[in-house]
Every structure is written in structure tokens, then in C-alpha cells.
Amino acid sequence: MTGAQAPCRIGVVIPCFKVTGQILAVLAAVPGIVERIYCVDDACPEGSGDFIRTNCFDPRVQVIRHARNEGVGGAVMTGYREAISAGIDMIVKIDGDGQMDPALLPRFVAPIVAGDADYTKGNRFYDLRYIARMPAMRLAGNAVLSFMNKFSTGYWDIFDPTNGYTAISARVASLLPMDRISRRYFFESDMLFRLGTFRAVVLDVPMDARYGDEVSNLRIGKVLPEFLRKHSTNFFKRIFYNYFLRDVSIASLELLVGIGLCVFGTVYGGWHWWQSLATQQVAATGVIMLAAMPVLVGLQLLLAFLAYDIAGVPRNTLTPGLWG
């Protein structure tokens, strides 16, 4: 950073819903490098906005109220819009329940400032000591959700997709279709899908998660069917956007031919298997080969497509480093 370059202006967005017991400690811990703190009262039944205004005297804090509850995604998008309109360069999102340590904020900011990432997110799975503190149900559910997320977003090298500790370049945030991003528990995963459609670079940041007396509203068993449906939808959208609408490559051909061969071999083999059962006659060797070979070749082509997709994780950032 040279003397002629302006410093990076950092804003923090904190969705506030039933967090009056922890929010003051979170606000007090936000580092001094942050210029603005946007606390979005998402129609909180505890009156988080009024509570913050009455008890917090940090001049950086700005309270924004929603007339109706819009979910974490709606609250974050409101904060993004306010930060962008105020000329903030980088926006960090922290939850208000005390599970995310604001002191870690420089770790999330640094890769974006250096031009190595467009978006950073927390990952609680780097250190085995941290994993041991995580509730078993949350650990298992997160592993399943992470696997689904890799398919739907194309970010094969990241984990812990529901982690809400994030940072994003404001210039990249301005590209997001904010009115179309999922508003509730699927928000973080949908953000990754949207970022993947314009090939933003996403990096994981190792972090610890603190579990105290706060109550999580996320129930893995309850949201898993919804997440599976939405991840499946995003997967097909991503494949169509990246391999047939915006570009056509050898991987597009591998995918189409691979699916076609697998379908042909399965249907052809299934039909003759049923015929064999009905007539009690063993199928000819040629029939078996004609069913098996397309499936084997099709699977090889699909694996080649998968390898191409994994190798295609975005590596070039959309914007240069914020400090030059």
C-alpha cells in the first residue's frame, strides 16, 4: 500500500434476530479497522434494533429495521445495499449470536485486499480440535450439505457451505441478483451458486466456532429435503449455464454422450433382462455385451466430465486487489 492509495473501507453486516443476549458483546469486539456496522433488525420479536440503539454507543453502528421478517438472506442483502450505497469497499457478514469471533475479521479481509479472492468464507473443519467441540448432529449434517454443495456450485475445493462468516468485495456484491437469492437457511449455499455463475474466486478461511447458550434455529433433519431439492435445481442450472449457454467445450460433449450411452445401455439391458425372466431363456452374449459396453463407456465419459468440472474451479479474481 502506497501513500497515494486510499485505505480500504470495510463495513460489517450483522443480521439481528433473537440475539439481544449476545449482540452487545459482538459489537464491542468488532475491530477498529471497520468503518461501518450495519445491524439489521429482521422484525425481531425481542426488539433488537431498539435494544442496540439504547445500549450501544459505538458511532459506527447503524440500525436498519425490516417491517417483516425476511430471513438471514434478506437481512444480509439489505446490509449489502446500504454498504454499497455508502461507498464501502468490502463487506463482512457476522452473525449476532456470538458464535463468530469478530477478531478473526482481518483473516477474511486479507485475501480480498490482496486480490487473491472475491469472496471468503469460514471453515470450521481445518483443525481437529475445533471439530471435537462441534455437536455430532451438526457435524454429520454439515458433511452431507457440503457434498451436495460441491455439485451444485462447482466449488469443489471448499467445505462448510452453511458457514455464515463471510467477506465479499463490494464490487462483486453489486453484481449479485439480490432479489433472487434465497432468503432463509439456504442463503449461504445459494450465494455460492450465484457467485459461481460469474466465476468469482472463493476461498475458505480456517476458524473456530464458539458454542455457548445461544439457540440455533437450523435443524438439519428439517431442512435436508429442502436443501436437496434446491441443490438439485442449482446443479442443473449451473450445468446448463456453464456448459451449454455460455460456453460449449469437449466436456459438454462428454456429458451428453455419456448420459446417452448410460441411458441406452440401462434401458436396453433392462428390457432384455425382463424378457429373459419372462421367457426363462438366458440372454445371448452379444445382447449382454451390447448392454454393458455403452454403460461402461458412458461412465468413463461422465468421469472425464467430472474431472474437467473439478479442474475448472475459478482461479482468476473478478476485481484486482483493493489496495492496488
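Residues numbered from 1 in each chain as written. Predicted model: local features only at pLDDT ≥ 70, side-chain atom pairs only at ≥ 80, totals over all residues. Heavy atoms only, no water.

**Some points on the pairing of strand β4 (residues 90-93)**
For step 1, the next point in the chain: The two faces of β4 match: M90 and V92 on one face and I91 and K93 on the other face are all buried.
For step 2, the next point in the chain: Of the pairings in the sheet, the one linking β4 to strand β6 (residues 166-169) comprises four bridges and is antiparallel in character. Counterpart to M90 in the pairing with β6 is S169. (Buried < 20%, exposed > 50% of the residue type's maximum accessible area, 1.4 Å probe, protein only. Helix = DSSP H or I, 4+ residues; strand = E, 2+ residues; numbered from the N terminus. Pairing = 2+ DSSP bridges.)

**With respect to the sheet that holds strand β3 (residues 61-65)**
For step 1, the next point in the chain: As summarised here, the arrangement of the seven strands in space is β3-β2-β1-β4-β6-β5-β7, forming an open sheet in which the pairing is mixed. Two strands in the sheet have a free side with no partner beyond their single neighbour: β3 and β7 (202-206). The sheet shows a mean angle of 20 degrees between the axes of neighbouring strands, taken without regard to direction.
For step 2, the next point in the chain: Strand contacts of helix α4 (residues 105-113): β1 (10-16), β2 (34-41), β4, β5 (119-123), β6 and β7, with the helix running at about 145 degrees to β5, the strand carrying the most contacts. (Axes fitted to C-alpha atoms, helices over the stretch in contact; angles between N-to-C directions. Contact = heavy atoms within 4.5 Å.)

**Looking at the environment of V257**
For step 1, the next point in the chain: Summarising the element assignment, V257 is placed in helix α10 (residues 250-279).
For step 2, the next point in the chain: For V257, a relative accessible area of 36% corresponds to the partly exposed category.
For step 3, the next point in the chain: C-alpha of V257 to C-alpha of L299: the two residues are 42 residues apart in sequence and 10.0 Å apart in space.

**Brief notes about the side chain of T166**
For step 1, the next point in the chain: For T166, the location among the structural elements is in strand β6.
For step 2, the next point in the chain: Once residues lying within four places of it in the same chain are set aside, the contact partners of T166 are Y80, I91, V92, K93, F108, Y119, T120 and K121.

**With respect to helix α11 (residues 285-311)**
For the α-helix, the turn length of 3.6 residues means that residues three or four positions removed from each other point alike.
For step 1, the next point in the chain: Under the 1.5 Å per step criterion, the end-to-end length of α11 is 39 Å for 27 residues, consistent within 8% with the ideal 39 Å.
For step 2, the next point in the chain: Along α11, the residues that are buried comprise V287, A291, P294, G298, F305 and D309. (Expected span 1.5 Å × (residues − 1).)

**So, the packing of aromatic side chains**
For step 1, the next point in the chain: Within this structure, the stated rule accounts for 12 aromatic pairs.
For step 2, the next point in the chain: Measuring from centroid to centroid gives 5.2 Å for F186 and F227, while their planes differ by 80 degrees, and the two rings are edge-to-face. A residue pair is termed long-range when its members are at least 10 positions apart, and F186 in the loop between α7 (170-173) and α8 (187-197) and F227 in helix α9 (residues 220-245) qualify at 41 residues. One exposure class covers both F186 and F227, and it is buried.
For step 3, the next point in the chain: Taken together, the aromatic side chains of F147, F151, W156, F235 and F236 make up a single cluster linked through ring pairs. (Phe/Tyr/Trp six-rings, centres within 6.5 Å; stacked < 30°, edge-to-face > 60°.)

**So, the pattern of salt bridges**
Oppositely charged side chains may form a pair once their charged atoms are brought near each other.
For step 1, the next point in the chain: Enumeration over the complete set of coordinates arrives at 12 salt bridges.
For step 2, the next point in the chain: A salt bridge links D95 to K93, with the nearest nitrogen and oxygen atoms 2.5 Å apart. Across the pair, K93 and D95 agree in class, each one buried.
For step 3, the next point in the chain: As a salt-bridge pair, D157 and R315 come within 3.0 Å of each other at their nearest N and O atoms. With D157 in the loop between α6 (136-153) and β6 and R315 in the segment after α11, the pair connects residues that are 158 residues apart, well separated along the chain.
For step 4, the next point in the chain: A residue is classified by how much of its surface remains accessible, and D157, at 37% relative accessible area, is partly exposed.
For step 5, the next point in the chain: Residue classification places R315 among the exposed residues on the basis of a relative accessible area of 56%. (Salt bridge = Lys/Arg side-chain N within 4 Å of Asp/Glu carboxyl O.)

**Looking at the nonpolar core**
For step 1, the next point in the chain: Among the nonpolar cores identified, the biggest contains 33 residues, and V12, L27, I37, I52, V92, L105 and Y165 are the most heavily contacted of them.
For step 2, the next point in the chain: At the level of elements, β1, α1 (23-29), β2, β3, β4 and α4 are the ones that each hand at least two residues to this core.
For step 3, the next point in the chain: In terms of residues, this core owes the most to one element, α4, which gives five residues.
For step 4, the next point in the chain: In this structure, V40, Y80, I88 and I91 belong to the second largest nonpolar core, which totals 29 residues. (Core = buried A, V, L, I, M, F, W, Y, C linked by side-chain atoms within 4.5 Å.)

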